[in-house]
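What the coordinates show
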Amino acid sequence: MKDQILTHEESLQIIQSMINTAKNKISENGFYFLLWGALVIIACVAQFIMIKFDFGEKSNFVWMIMPLVGVPISLFYGFKQNKKETTKSHTDKLYGFLWLGFGITLAIMIFVAVYSKISPIPFILALVGLATFVSGAIYKFTPLIIGGIIFWIACLACIAFKGPEQLLIDAVATFLGYILPGIILWKKSKKEFYV
């Protein structure tokens, strides 16, 4: 087998990747938790109000608008972040696969729930709880672990409320499970950036 000669840049990238892996670096700065948390809360409250004012099935359109806003912003932000980052640790890649799997499973689950004419909210809360909990475990970030537990508790709370009140449970859980940890991550990443 031939010996490969690494360039100076390749050597630095390998060293940086090893350092990032060793430090279990958090490249998640809370942006996605804040963005999607805000969008979910707005959609939950908007649909709850629309149901109370007898908009009926039309109230479901808020959930179709949400990805039309969130996906382009997420893609643009992700593209910008990828240009800034020279290396990705194994932890970052694992984290990306977790949320990709979450998105695919979420879409399938919502389709099945709507097709079966049952509320997808408890199932969404359970799935969000799993992805949030595992994210916290991957990065050893306790607020996300607690956030995952909050989503699971909210899922169980939906048993007591069969109607539009589930939307309010979702909004509260999203604030506690996404927005608060997202703010902490955002502040933490800004401190690390300026150190």
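In this text, all values refer to a predicted model and were calculated from it rather than measured experimentally. Position numbers for residues count from 1 along each chain, tracking the sequence in the order it is written. Totals for whole chains, interfaces and linings use all residues, but because this is a predicted model, local features are given only for residues with pLDDT of at least 70 and pairs of side-chain atoms are given and counted only at 80 or more. Hydrogen atoms and water are omitted, and side-chain values are computed over all heavy atoms in the structure.

**What to know about the overall build of the protein chain**
Keep this limit in mind: Each helix corresponds to a stretch of at least 4 residues labelled H or I by DSSP, and each strand to a stretch of at least 2 residues labelled E; elements are numbered beginning at the N terminus. Per-residue accessibility, obtained with a 1.4 Å probe over protein chains only, is compared with the maximum for each type, and a residue is labelled buried under 20%, exposed over 50%, and partly exposed between these values. Whether two residues are in contact is decided by their heavy atoms, any of which lying within 4.5 Å being enough. To be clear on the numbers: accessible area is Shrake-Rupley with a 1.4 Å probe, and residue cover counts the displayed protein chains and nothing else.
Across its full length, the protein chain holds seven helices and zero strands. Secondary structure of the protein chain in N-to-C order comes out as α-α-α-α-α-α-α. Counting all 195 residues of the protein chain, 37% fall into the buried class. Taking as baseline every contact in the protein chain between residues at least 6 positions apart, the subset at least 24 positions apart corresponds to 72%. Here the protein chain has roughly 12,400 Å² of accessible surface; of this, 74% comes from carbon and sulfur atoms.

**Some words on helix 3 (residues 61–84)**
Think of an α-helix as 3.6 residues a turn; residues three or four steps apart then line up on the same face. Filter applied, for reference: Here a helix's expected span is defined as the number of its residues, less one, multiplied by 1.5 Å.
Its 24 residues give helix 3 an end-to-end C-alpha distance of 36 Å, which sits within 8% of 34 Å, the value for a rise of 1.5 Å per residue. Among all positions of helix 3, only V62, M66, G70, S74, Y77, G78 and Q81 are buried.

**Describing helix 4 (residues 90–115)**
Taking 1.5 Å per residue as the helical rise, helix 4 with its 26 residues ought to reach 38 Å, and the 38 Å between its terminal C-alpha atoms agrees with that figure. Within helix 4, the full set of buried residues consists of T91, D92, Y95, L98, W99, F102, L106 and A113. In the stretch just after helix 4, K117 is the one whose phi turns positive, near 60 degrees.

**Overview of the packing of aromatic side chains**
Short version of the rule: When two rings of Phe, Tyr or Trp (its six-membered ring) have centres within 6.5 Å they constitute a pair, described as stacked for plane angles under 30 degrees, edge-to-face for angles over 60, and tilted for the intermediate range.
Per the counting criterion, the structure on display carries eleven aromatic pairs. Arranged with centres 5.1 Å apart and planes meeting at 75 degrees, the rings of F33 and Y178 form a pair that is edge-to-face. With F33 in helix 2 (residues 31–52) and Y178 in helix 7 (residues 165–194), this pair connects stretches of sequence that are 145 residues apart. The exposure classification of F33 matches that of Y178, with both residues buried. With 6.1 Å between their ring centres and 20 degrees between their planes, F111 and Y115 make a pair best called stacked. In this pair, F111 and Y115 are both assigned in helix 4, four residues apart and thus about one turn of the helix distant.

Function cannot be read off these values alone, since they describe shape.
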